[in-house]
Amino acid sequence: LYIMSLTSCLISALSIALADKTVYRMAVYRFYHVFLMIEDKLEDLRHDCDSLQSIYFPNLLRAPEFEDDVQFYYPEGMPEELSPMLEEYKFNIDVDTQKDPAYLIGYLQTMQLALLSGGSILRPMIVKVLGLKDNYPNGVKALDWPEGFSASSAKKLYRERLNSLELSREQKDNIIDIKMKVFELNNKLIKEVTHSQLSKDIVWMYLGRVLFVLCLVIAFFIFMFSRK
């Protein structure tokens, strides 16, 4: 499930980056809040939930790095209000963890393993597309890992801890359902960005440039053929 979520988010994030840095930063801002919500909830609940404590890895907490990226993209200050989809995300996390703190695993596993698996793939693409080479790692800190960090070893340990959790069949089934829901929530977040008025304006701006160039090409060929 996290692979499915990862694939969708990678394609969507790269598509957004290809459109414009201004639009891409809107996505980074949203996922900063998603990680912040999940990690804050983890800190609140892990001391009273053995399952959460078992998969608590401080080096996988990414909200601080996401915050650095947001500050890089919003030097004038990040937006203060949560978007409607972020509010919906928060509502779902709160409701699910009130039912059972262990249900946070569905959110935590999906997002952390997605970054572990896809961060190294997405990072160089974003750096190249947005021209961040001179500022590296600013703008992609959330997708970067410290020197010597092994994503494959971290994923192996993560899965070992997950497999050792003592969860009931009902808990496992509900966590699977939540992972599917996280996939849907992430897609809704991306749509919220791509369907924003700012995003539409930028897309139309680029489309206008493409059409202008296309018209010049057509006019050139018409002129050349008319001379024959």
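Rules used in this analysis
Residues numbered from 1 in each chain as written. Predicted model: local features only at pLDDT ≥ 70, side-chain atom pairs only at ≥ 80, totals over all residues. Heavy atoms only, no water. Helix = DSSP H or I, 4+ residues; strand = E, 2+ residues; numbered from the N terminus. Buried < 20%, exposed > 50% of the residue type's maximum accessible area, 1.4 Å probe, protein only. Contact = heavy atoms within 4.5 Å. Areas by Shrake-Rupley, 256 points an atom, 1.4 Å probe, with all protein chains shown as cover. Phe/Tyr/Trp six-rings, centres within 6.5 Å; stacked < 30°, edge-to-face > 60°. Lys NZ or Arg CZ within 6 Å of the ring centre and 35° of its normal. Salt bridge = Lys/Arg side-chain N within 4 Å of Asp/Glu carboxyl O. Core = buried A, V, L, I, M, F, W, Y, C linked by side-chain atoms within 4.5 Å. pLDDT = per-residue confidence, 0-100.

Side note on the overall build of the protein chain
For step 1, the next point in the chain: For the protein chain, the helix and strand inventory stands at nine helices and zero strands.
For step 2, the next point in the chain: For the protein chain, the succession of helices and strands along the chain, N to C, is α-α-α-α-α-α-α-α-α.
For step 3, the next point in the chain: Among the 228 residues that make up the protein chain, the fraction classed as buried is 46%.
For step 4, the next point in the chain: Relative to all contacts within the protein chain whose residues are 6 or more apart in sequence, the contacts with residues 24 or more apart total 82%.
For step 5, the next point in the chain: Of the roughly 12600 Å² of accessible surface on the protein chain, 58% is carried by carbon and sulfur atoms.

Brief notes about the packing of aromatic side chains
For step 1, the next point in the chain: Taken as a whole and assessed by the stated rule, the structure comprises seven aromatic pairs.
For step 2, the next point in the chain: With a centroid separation of 5.1 Å and an interplanar angle of 75°, the aromatic rings of F72 and Y73 are classed as edge-to-face.
For step 3, the next point in the chain: A connected cluster of aromatic rings, assembled from ring pairs, spans Y24, F72 and Y73.
For step 4, the next point in the chain: Directly above the aromatic system of Y74 lies the positively charged group of R25, at a separation of 3.9 Å from the ring centroid.
For step 5, the next point in the chain: Of note, R62 hangs over the ring of W145, and the distance from its end group to the ring centre comes to 4.0 Å.

Quick word on the pattern of salt bridges
For step 1, the next point in the chain: If you walk through the whole model with that rule in mind, you get eleven salt bridges.
For step 2, the next point in the chain: With a shortest N-O distance of 3.3 Å, E88 and K188 are connected by a salt bridge. Of this pair, E88 sits in helix α5 (residues 84-99) while K188 sits in helix α8 (residues 169-194), placing them 100 residues apart in sequence.
For step 3, the next point in the chain: Its relative accessible area of 29% is what places E88 among the partly exposed residues.

Topic: the nonpolar core
For step 1, the next point in the chain: Counting 59 residues, the largest nonpolar core has Y89, I105 and Y107 as its most contacted members.
For step 2, the next point in the chain: Mapped onto this core, the elements with two or more residues apiece are α2 (21-45), α4 (63-73), α5, α6 (104-130), α7 (151-164) and α8.
For step 3, the next point in the chain: In terms of residue count, the dominant contributor to this core is α2 (13 residues).
For step 4, the next point in the chain: Beyond its immediate chain neighbours, meaning those up to four positions away, Y89 contacts V34, M37, Y107, M111, V182, L185, N186 and L189.

Some points on unusual backbone geometry
For step 1, the next point in the chain: The omega torsion of the bond from Y136 to P137 falls at 5°, within 30 degrees of zero and hence cis.
For step 2, the next point in the chain: The residue P137 is located in the loop between α6 and α7 in this model.

Topic: the confidence of the model for the protein chain
For step 1, the next point in the chain: Per-residue confidence for the protein chain gives a mean pLDDT of 82; residues scoring 70 or more make up 77%.
For step 2, the next point in the chain: Counting contacts from residues 202-228, a segment whose pLDDT is below 50, to residues more than four positions away or on other chains yields six contacts.

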